[in-house]
Amino acid sequence: MTRVGLLECDPVHHARRFAALLPDVTIVPYDVWNGSLPSSPDECDAWLCGGSRASVYDDFPWIPGLLDFVRSVRDAGRPYVGVCFGHQVLAAALGGRVERASAGWGAGAHRLSVGDGPSLNLLFMHQDQVTALPPGGEVLGRAEHCPVAMMRAAPSMVGIQAHPEFT
């Protein structure tokens, strides 16, 4: 079975929510908030980084190590999906920019437009957002309040500002 490492970046852990969203994989949680980072990107088949009350530019001792780990995931060619804070971590780690949203909080259900395809309503809860893509990044989806609501930052690395794990 595919092992997906979940980088938990908040004291409120969401492993059960992601396990319900991804029932055909084994979720392997890492308590990044308390300093537990994987020793290698090869520990799991893919990586998932979820939400946090922190900002990527906060002065928490675990954030620089997390950014380094995300770069090592890219270098190893492992798949990575960033959700909310994990989306922002992906951008910051690979050379993009994350700032406090000028429009204020993005909270509640918002319409996310994905390319020329259909749009869908997803739940958002964020104060920061990606304001500049990392080099080579591509916008995959937009919301009225969040121009970079979904992105590809490397061939096997994507981020989404919304919370698909919340129903």
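The coordinates are above.
Reading guide: rules and limits
- Residues numbered from 1 in each chain as written.
- Predicted model: local features only at pLDDT ≥ 70, side-chain atom pairs only at ≥ 80, totals over all residues.
- Heavy atoms only, no water.
- Helix = DSSP H or I, 4+ residues; strand = E, 2+ residues; numbered from the N terminus.
- Rg over C-alpha atoms; globule rule 2.2 N^0.38 Å.
- Buried < 20%, exposed > 50% of the residue type's maximum accessible area, 1.4 Å probe, protein only.
- Contact = heavy atoms within 4.5 Å.
- Lys, Arg positive; Asp, Glu negative; His and termini not counted.
- Charge placed at Lys NZ, Arg CZ, Asp CG, Glu CD.
- 1 Å grid on protein atoms, 1.4 Å probe; cavity = no way out; pocket = protein on both sides within 12 Å on 5 of 7 lines; lining within 4 Å.
- Points joined across faces, edges and corners; volume = space filled by probe spheres on them.
- Nonpolar A, V, L, I, M, F, W, Y, C, P; charged D, E, K, R; others polar.
- Phe/Tyr/Trp six-rings, centres within 6.5 Å; stacked < 30°, edge-to-face > 60°.

The helix and strand inventory of the protein chain stands at three helices and eleven strands. The N-to-C order of helical and strand elements in the protein chain reads β-α-β-β-α-β-α-β-β-β-β-β-β-β. Expected size for 167 residues packed as a compact globule is a radius of gyration near 15 Å; at 15 Å, the protein chain falls within 12% of this value. If you line up the protein chain on its principal axes, its C-alpha atoms span 40 × 35 × 30 Å. Sorting the 167 residues of the protein chain into buried and exposed places 46% on the buried side. By sequence separation, contacts in the protein chain at least 24 residues apart represent 61% of the contacts at least 6 residues apart. Once the 12 positive and 17 negative side-chain charges of the protein chain are each reduced to a mean point, those two points are 3 Å apart.

What follows concerns the layout of surface pockets. Reported here for the largest pocket is a volume of approximately 330 Å³. What lines the largest pocket is a set of 18 residues, among which Gly 51, Ser 52, Arg 53, Cys 84 and Met 125 lie closest to the centre. Of all the secondary structure elements, the ones that give two or more residues to the lining of the largest pocket are helix 3 (85-93) and strand 7 (119-126). In the lining of the largest pocket, the residues fall into six nonpolar, eight polar and four charged.

All right, on to empty space enclosed by the protein then. Leftover empty space is mapped by rolling, across the atoms, a probe with the size of a water molecule. Taken as a whole and judged by the stated rule, the model has one cavity of 30 Å³ or more. As for the largest cavity, its lining consists of Leu 6, Leu 7, Glu 8, Cys 9, Asp 10, Val 12, His 14, Phe 18, Gly 50 and Gly 51. Sorting elements by how many residues they give to the lining of the largest cavity places strand 1 (residues 3-8) first, with three residues. Grouping the amino acids of the lining of the largest cavity by side-chain chemistry returns five nonpolar, three polar and two charged.

Each full turn of the α-helix corresponds to 3.6 residues, which orients residues three or four apart in the same direction. Most of helix 3 sits out of view: eight of its nine residues are buried. The complete set of buried residues in helix 3 reads Phe 85, Gly 86, His 87, Gln 88, Val 89, Leu 90, Ala 91 and Ala 93. Backbone geometry just after helix 3 places Gly 95 at a positive phi near 105°.

Our next topic: the packing of aromatic side chains. Summed over all chains, the structure comprises six aromatic pairs. Measuring from ring centre to ring centre gives 5.6 Å for Trp 33 and Trp 62, while their planes differ by 50°; the resulting arrangement is tilted. In this pair, Trp 33 sits in the loop between strand 2 (26-31) and strand 3 (46-49) while Trp 62 sits in the loop between strand 3 and helix 2 (63-76), placing the two residues 29 residues apart along the sequence. Considering the side-chain rings of Phe 60 and Trp 62, the 6.0 Å spacing of their centres and the 15° angle between planes classify their relative orientation as stacked.

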